[in-house]
Amino acid sequence: MNRLEFGWPDWPARIRRLAGGLALGLMWALATTSAWADCSRPIRVPVAPIGMSVVTSGGEVSGVYPDLLRKVSAETGCQFDFVVVPRARVEAMFAASGADALVPATRTSQRDLHGDFIPMMKARAMLISISSDRAPVESLAELGERRELRVAVVRGFDYGEPYQQLLTTLKAQRRLVVEADVAAVVRALERNLADVTVMAPSILAGTLLQDSKTRPLLDRLRLEPMTELGWTDSGIYLSRHLPAKDREVLGDALERNSRSGTVWKTLQKHYPAGSYEEGLKAIVAPK
C-alpha cells in the first residue's frame, strides 16, 4: 500500500528538497561573502627592513606590520604578496603606482598625493648618536648650523618638510651621509664616518636588537628631541590605484585593528620594554 494514500509525508523527497535549498543558500552566502571580503587581486607590498616593524631574513618577511597584514588577510581573504627591496625602491614603487601599499610610513604631504593613509600609532623622529660630551642640539635648524656634525640618513626615509629641507642643507655643505638601510647607518656611526642620525628611535633600536654584536650599543644611545619633529601619525598607505572596493575592505580592517589595540599589542610582542617608548606611542589607550 502506498504511504501517500494515508496522507503520510514523503520524507525522503522533502529531505532532498531541504538539502538542496540549504546547499543553494550556502553557495549564495559564500558568494556574497567573497564579493565583499576578498580583494580583486593579490595586494603588492614591497618592504625593506625597518627595525622590528619589518624584518627580512633568508627570504622570509616578519615583524610588526607583516604580522598585522597576515591577520588582516585571515579576516578579509585578501592576499598580500611581499617582495624585499631597498627602502628607496619601496618609495619609488609607491609613487609610480607599482606598489599597492607603503608599510610602514609616517604621514607626509608628498605621500598623501599617491595614497590613502590609515594611522596605526603615533611616532616621532629624533636626533640619535652614540653617547659623547658634545654640546646638545635642540632643532633641525641648529643641526644645519653645526657644521662639525656629519649626519647619516637612510635613503627613502621622510619625516616631512623640515627634514627634507635639512637634507638639502646638509648635501650642499657636504655633511650628508646617505645609506641604503639602517644597518649601514649603524656601521657609519660605529666607524666614526658620521656623528648623528635622524630617525625614529624604535627603528634604530630594532636594528640593534637583531645582532648580538650591535645590541650593546642600545645602552650607549643618546636621544635628543628636535623642535620641528613632534609626534605625528605613522601607519600604512593604500595606493589610490587600487580598486575602491579593495581600499574599503582593507581600510576597514586596518582601522578596526588599530582601534582595538591589536596593532599596539603586536608591537609589544616584537619590541622589548624600554626600546620603543621614546619614539612610539599608541593612538588609543592600551587596555
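Scroll up to find the structure.
This text gives an overview of the structure that appears in the document. It should be emphasised that the depicted structure is a prediction, and the values quoted were computed from it without experimental measurement.

Topic: the overall build of the protein
Right, so step 1: Broken down by element type, the protein carries 10 helices and 13 strands.
Right, so step 2: Buried positions account for 45% of the 287 residues belonging to the protein.
Right, so step 3: Of the contacts formed within the protein by residues at least 6 apart in sequence, a portion of 76% connects residues at least 24 apart.

Overview of helix 8 (residues 201-209)
Residue pairs spaced three or four apart in an α-helix point in one direction, given the helix's 3.6 residues per turn.
Right, so step 1: Of all 9 residues in helix 8, 9 are buried, a share of seventy percent or more.
Right, so step 2: Within helix 8, the full set of buried residues consists of Pro201, Ser202, Ile203, Leu204, Ala205, Gly206, Thr207, Leu208 and Leu209.
Right, so step 3: Where helix 8 is buried, its residues touch strand 7 (126-130), helix 7 (182-190), strand 10 (196-199), strand 11 (221-224) and strand 13 (280-281).

Examining empty space enclosed by the protein
Right, so step 1: In the structure shown here, the tally under the stated rule is 2 cavities of 30 Å³ or more.
Right, so step 2: A volume near 50 Å³ is recorded for the largest cavity.
Right, so step 3: Those elements giving two or more residues to the lining of the largest cavity turn out to be helix 7 and helix 8.
Right, so step 4: Ranked by the residues each element gives to the lining of the largest cavity, the list is headed by helix 7, at 3 residues.
Right, so step 5: Taken together, the residues of the lining of the largest cavity break down into 7 nonpolar, no polar and 1 charged.
Right, so step 6: In terms of lining residues, the second largest cavity is bounded by Met120, Ser258, Gly261, Val263, Trp264, Ala282, Ile283 and Val284.

Digging into the packing of aromatic side chains
Right, so step 1: One pass over the structure, following the stated rule, counts 6 aromatic pairs.
Right, so step 2: Plain terms: the ring middles of phenylalanine 157 and tyrosine 159 are 6.3 Å apart, the flat faces sit at 85° to each other, and that makes the pair edge-to-face.
Right, so step 3: Taking the relative accessible area as the measure of exposure, tyrosine 159 reaches 14% and is therefore buried.
Right, so step 4: Among the aromatic residues, those joined into a cluster by ring pairs are Phe94, Phe117 and Tyr237.

Some details on the state of the cysteines
Right, so step 1: Here the structure, examined in full by the defined rule, presents 1 disulfide.
Right, so step 2: Here cysteine 39 is linked by a disulfide to cysteine 78, with a sulfur-sulfur distance of 2.1 Å. Since a negative S-S torsion denotes a left-handed disulfide, the cysteine 39-cysteine 78 link at about 80° is right-handed. Of this pair, cysteine 39 sits in the loop between helix 1 (11-37) and strand 1 (43-47) while cysteine 78 sits in the loop between helix 2 (64-76) and strand 4 (80-84), placing them 39 residues apart in sequence. An identical accessibility class is assigned to cysteine 39 and cysteine 78; each is buried.

Describing the nonpolar core
Right, so step 1: Leu143, Phe157, Tyr159, Val198, Met199 and Ile203 are the most contacted members of the largest nonpolar core, which totals 36 residues.
Right, so step 2: Elements with a contribution of two residues or more to this core: strand 7, helix 5 (140-145), strand 8 (151-154), helix 6 (161-172), helix 7, strand 10 and helix 8.
Right, so step 3: If you tally residues by element for this core, the top one is helix 7, at 5 residues.
Right, so step 4: Those residues in contact with methionine 199, other than ones at most four positions away along the chain, are Ala125, Met126, Ile128, Val154, Phe157, Tyr159, Val182, Val185 and Leu204.

A closer look at the packing of helix 2 against helix 9 (residues 244-259)
Right, so step 1: Their axes nearest at 10 Å, the elements helix 2 and helix 9 cross at an angle of 120°. With respect to their mutual orientation, helix 2 and helix 9 come out oblique. Regarding helix 2 and helix 9, the two cross each other, and that crossing is right-handed. Residues Leu68, Leu69, Lys71, Val72, Glu75 and Thr76 of helix 2 pack against Val249, Leu250, Ala253, Leu254, Arg256 and Asn257 of helix 9.
Right, so step 2: Among the residues making up the contact of helix 2 with helix 9, the classes are represented as 7 nonpolar, 2 polar and 3 charged.

Things to note about the side chain of glutamate 91
Right, so step 1: Following the sequence through the fold, glutamate 91 ends up in helix 3 (residues 87-95).
Right, so step 2: Glutamate 91 sits in the buried class, given a relative accessible area of 16%.
Right, so step 3: Residues in contact with glutamate 91, not counting those within four places in the same chain, are Leu102, Arg111 and Gly156.

Structural notes on the sheet that holds strand 13
Right, so step 1: The antiparallel open sheet is built from 4 strands, whose spatial order is 5-12-6-13. For this open sheet the edge positions go to strand 5 (101-106) and strand 13, each flanked by a neighbour on one side alone.
Right, so step 2: Strand direction decides the pairing type here: strand 6 (residues 115-123) and strand 13, joined by 2 bridges, are antiparallel. Looking across to strand 13, one finds that lysine 122 is bridged to lysine 281.
Right, so step 3: Docked against the sheet, helix 3 engages strand 5, strand 6 and strand 12 (232-239), running at close to 115° with respect to strand 5.
Right, so step 4: Here helix 10 (residues 262-270) sits on the sheet and contacts strand 6 and strand 13; the angle it forms with strand 6, its principal contact strand, is near 55°.

Some words on the pairing of strand 8
Right, so step 1: Burial along strand 8 is two-sided: Val151 and Val153 facing one way and Ala152 and Val154 facing the other are all buried.
Right, so step 2: The pairing of strand 8 with strand 9 (residues 176-179) spans 4 bridges and is classified as parallel. Paired with valine 153 across the bridge in strand 9 is valine 178.
Right, so step 3: Following the chain from strand 8 across helix 6 to the adjacent parallel strand 9, one finds a crossover that is right-handed.

The rules behind the values
Residues numbered from 1 in each chain as written. Predicted model: local features only at pLDDT ≥ 70, side-chain atom pairs only at ≥ 80, totals over all residues. Heavy atoms only, no water. Helix = DSSP H or I, 4+ residues; strand = E, 2+ residues; numbered from the N terminus. Buried < 20%, exposed > 50% of the residue type's maximum accessible area, 1.4 Å probe, protein only. Contact = heavy atoms within 4.5 Å. 1 Å grid on protein atoms, 1.4 Å probe; cavity = no way out; pocket = protein on both sides within 12 Å on 5 of 7 lines; lining within 4 Å. Points joined across faces, edges and corners; volume = space filled by probe spheres on them. Nonpolar A, V, L, I, M, F, W, Y, C, P; charged D, E, K, R; others polar. Phe/Tyr/Trp six-rings, centres within 6.5 Å; stacked < 30°, edge-to-face > 60°. Disulfide = S-S within 2.5 Å. Core = buried A, V, L, I, M, F, W, Y, C linked by side-chain atoms within 4.5 Å. Axes fitted to C-alpha atoms, helices over the stretch in contact; angles between N-to-C directions. Parallel < 35°, antiparallel > 145°, perpendicular 65-115°, else oblique. Left-handed = near helix turned anticlockwise from the far one by under 90°. Pairing = 2+ DSSP bridges. Right-handed = clockwise from strand over helix to strand, strands pointing away.

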